[in-house]
Amino acid sequence: MNEQVDVVVIGLGPGGEYAAGTLAESGLEVVGVEAELVGGECPYWGCVPSKMMIRAGNTLAETRRVSALAGHADVTPDWGRVADRIRDEATDDWNDQVAADRLAAKGGRLVRGRGRLTGPRQVTVGERVLQARRGVVLATGSRPRIPPVPGLAATPYWTNRDAMAAKELPTSMLVLGGGAIGVEVAQVFARFTCRVTVVEGQDRLLSQEEPESGELAAQALRADGVTVLTGLRARQVSHDGTEFTVFLEGSAEPLRAERLLVAAGRYSELADLGVETVGLDPAARIVPTDGRMRAAEGLWAVGDITGHGAFTHVSTYQAQIAVRDILDRPGPDADYRALPRVTFTDPEIAAVGLTERQARQRGLRVRTAVVPSSSSTRGWIHGPGGEGFIKLVEDSDRGVLVGATSAGPAGGELLYGLNVAVHAEVPVERLQNMIYTYPTFHRAIEPALAALR
């Protein structure tokens, strides 16, 4: 069956759903193609359920800090309440009818199935061929990267999806990977009395961020009873029906646990998308795009597959640009200088722009500063749970910030001002002469600016 439409969107995660809905509202005939759940990873297995878990774990941690601040409190963790909230409030028991109805209400049509490019502006879903007059938007996201560790593929390992859907927590768990997903889940599960060990092949956690961020994450996890092993890689995995056994390179003593969570990053699979039919490389890791999110004639790409990070905010940002281009509306090109990201551990670790290492690798003359959260009065007042820091990275030739990290209570919220400074290239001299509200956490930015050297 052949159909003529205006736009086909393959993949209805956050970016794809936004593009399909907005284009349909503009009056175009839009078909959204989705093989799984409308809404994608974020609302069902990522951002939303994980933050519900984190919120619950943080309340337990705060209760345990009462004795140092306010008296005495006892708390008994109950994972069932967390699992019920994720099922009932976040995911509708992993039912996407609300999201599907939302797309329909905007005028879009949903086709369930796996879409594949079969030529310029052409998408095939099963026996259906969709020919797009204006073009196609690729928004197919990413999937968990499973490292080629001998024995791993034959075991019932978990990915983030299994962790988010867990009705009961294991008594013990090994986590392969010390990135954002690994450390967030490790901390939450530990706070609910699961014995957790994190194994990271790099020499520190959060290896893509500042070294200080990795050190803080390790300190926070260890404070919650997590065993953190860095600079080690799994060389063999087995499962005996009850327990996992993981052998590490350079160690004769294996690790054992009831569950194994693989959190070794994510990747996009282009080979099954038919990108070769429009002149793209199916063996490539990403779909390259220009500033308008164009990947080829009549083809736009947004989200994880563009290689700018597996973040909902990047996907929707890119979708906004693609929509403007498809509708021939004015607006700026994509700009990733101030790309923000947050690891929602306790304390939160947020960053924007370049790390110090990245800035130096680009040949910039750099000045940096690191000050503890306690350098602000609010940070000192906060007491237990207030660990953190502000780090600034300045391009000293231009006198502007090119990167920053805000780690500590509400570190993600504190990042906003630094995000603006990096994006707008506000002169450091101007930032140094601002009025900073007292007493707030963000006031720690002031001594950090003064300490740049």
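Structural data are supplied above this passage.
Residues numbered from 1 in each chain as written. Predicted model: local features only at pLDDT ≥ 70, side-chain atom pairs only at ≥ 80, totals over all residues. Heavy atoms only, no water.

## Points about the pairing of strand β10 (residues 227-230)
And then number 1: Alignment of strand β9 (residues 195-200) against β10, held across four bridges, turns out to be parallel. In the strand pairing of β10, T197 is matched with T227.
And then number 2: For the handedness criterion, the β-α-β arrangement of β9, helix α9 (residues 211-223) and β10 is classed as right-handed. (Pairing = 2+ DSSP bridges. Helix = DSSP H or I, 4+ residues; strand = E, 2+ residues; numbered from the N terminus. Right-handed = clockwise from strand over helix to strand, strands pointing away.)

## Some details on helix α5 (residues 79-90)
And then number 1: For α5, which comprises 12 residues, the first-to-last C-alpha distance of 16 Å matches the rise-based estimate of 16 Å (1.5 Å per residue) to within 8%.
And then number 2: Turning to α5, its buried residues are W79, V82, A83, I86 and A90. Taken down its axis, α5 places every buried residue within 100° of arc, on the same side. Turned more than 90 degrees from where α5 packs its buried face, R81 and E89 sit exposed.
And then number 3: Here the buried face of α5 lies against α2 (41-45), α3 (47-64), α7 (160-165) and α8 (180-191).
And then number 4: Regarding α5, its N-cap is D78, as a side-chain oxygen of that residue lies 3.0 Å from the backbone nitrogen of G80 further along. (Expected span 1.5 Å × (residues − 1). Buried < 20%, exposed > 50% of the residue type's maximum accessible area, 1.4 Å probe, protein only. Arc of directions from axis to C-beta. Contact = heavy atoms within 4.5 Å. Polar contact = N/O pair within 3.5 Å; in protein donor to acceptor, adjacent residues only side chain to side chain.)

## Observations regarding the nonpolar core
And then number 1: W79, M173, F189, V196 and L205 are the most contacted members of the largest nonpolar core, which has 67 residues in total.
And then number 2: The dominant element in this core, judged by the number of residues it contributes, is α8, at six residues.
And then number 3: Apart from residues no more than four positions distant in its own chain, M173 is found in contact with W158, V185, F189, C194, R195, V196, T197, A257, R259 and L261. (Core = buried A, V, L, I, M, F, W, Y, C linked by side-chain atoms within 4.5 Å.)

## A short note on the pairing of strand β19 (residues 348-353)
And then number 1: Burial analysis of β19 places six of its six residues in the buried class, which makes it a mostly covered element.
And then number 2: In this structure, strand β18 (residues 340-343) lies alongside β19, joined through four bridges in antiparallel fashion. The partner of T343 across the bridge, within β19, is I349.
And then number 3: Here β18 folds back onto β19 in antiparallel fashion, the turn holding four residues.

## What about the side chain of S376?
And then number 1: Note that S376 resides in the loop between β20 (366-372) and α12 (377-382).
And then number 2: Residue S376 is classed as buried on the basis of its relative accessible area, which comes to 2%.
And then number 3: Of the polar contacts made by the side chain of S376, one reaches the backbone oxygen of S373; its length is 3.0 Å.
And then number 4: When neighbours within four sequence positions are excluded, S376 is seen to be in contact with T440, F441, R443 and A444.

## Here we look at empty space enclosed by the protein
And then number 1: Applying the stated rule across the entire model yields two cavities of 30 Å³ or more.
And then number 2: Lining of the largest cavity is provided by S373, S376, I390, A407, G408, P409, G411, L414, F441 and A444.
And then number 3: The set of elements that each furnish at least two residues to the lining of the largest cavity consists of β22 (400-408) and α13 (411-424).
And then number 4: Its residues assigned to classes, the lining of the largest cavity shows six nonpolar, four polar and no charged.
And then number 5: Together, E209, E210, R341, A351, V352, L354, T355, K391, V393, G403, A404 and T405 line the second largest cavity.
And then number 6: Secondary structure elements with two or more residues in the lining of the second largest cavity: β19, β21 (389-395) and β22.
And then number 7: Here the element with the most residues in the lining of the second largest cavity is β22; it accounts for three residues.
And then number 8: Considering only residue class, the lining of the second largest cavity consists of five nonpolar, three polar and four charged. (1 Å grid on protein atoms, 1.4 Å probe; cavity = no way out; pocket = protein on both sides within 12 Å on 5 of 7 lines; lining within 4 Å. Points joined across faces, edges and corners; volume = space filled by probe spheres on them. Nonpolar A, V, L, I, M, F, W, Y, C, P; charged D, E, K, R; others polar.)

## So, the packing of helix α1 (residues 14-25) against helix α10 (residues 312-326)
And then number 1: Their axes nearest at 8 Å, the elements α1 and α10 cross at an angle of 30°. Comparing their axes, α10 and α1 come out roughly parallel. As α1 runs across α10, the sense of the crossing is right-handed. Where α1 approaches α10, its residues P14, G15, Y18, A19, T22 and L23 are matched on the opposing element by T312, S315, T316, A319, Q320, V323 and I326. (Axes fitted to C-alpha atoms, helices over the stretch in contact; angles between N-to-C directions. Parallel < 35°, antiparallel > 145°, perpendicular 65-115°, else oblique. Left-handed = near helix turned anticlockwise from the far one by under 90°.)

## So, the environment of T306
And then number 1: With respect to the helices and strands, T306 occurs in the loop between β17 (299-301) and α10.
And then number 2: For the pair T306 and G141, spaced 165 residues apart in sequence, the C-alpha separation works out to 9.1 Å.
And then number 3: Among the polar contacts listed, one links the side chain of T306 to the side chain of Q318, at a separation of 2.9 Å.

## Digging into the pattern of salt bridges
And then number 1: The final tally for this structure, using the stated rule, is 36 salt bridges.
And then number 2: Residue R292 is joined to D333 by a salt bridge in which the shortest nitrogen-to-oxygen separation is 3.5 Å. On the criterion of sequence distance, the pair formed by R292 in the loop between β15 (266-267) and β16 (294-296) and D333 in the loop between α10 and β18 is long-range, its members being 41 residues apart.
And then number 3: Notably, a salt bridge pairs R398 with E425, separated by 2.9 Å at the nearest N-O pair. Linking R398 in the loop between β21 and β22 with E425 in the loop between α13 and α14 (428-432), this pair joins segments that are 27 residues apart in sequence.
And then number 4: On the accessibility criterion, R398 (47% relative accessible area) is partly exposed.
And then number 5: Judged by its relative accessible area of 30%, E425 is partly exposed. (Salt bridge = Lys/Arg side-chain N within 4 Å of Asp/Glu carboxyl O.)

The values reported here are purely geometric and, on their own, carry no functional implication.
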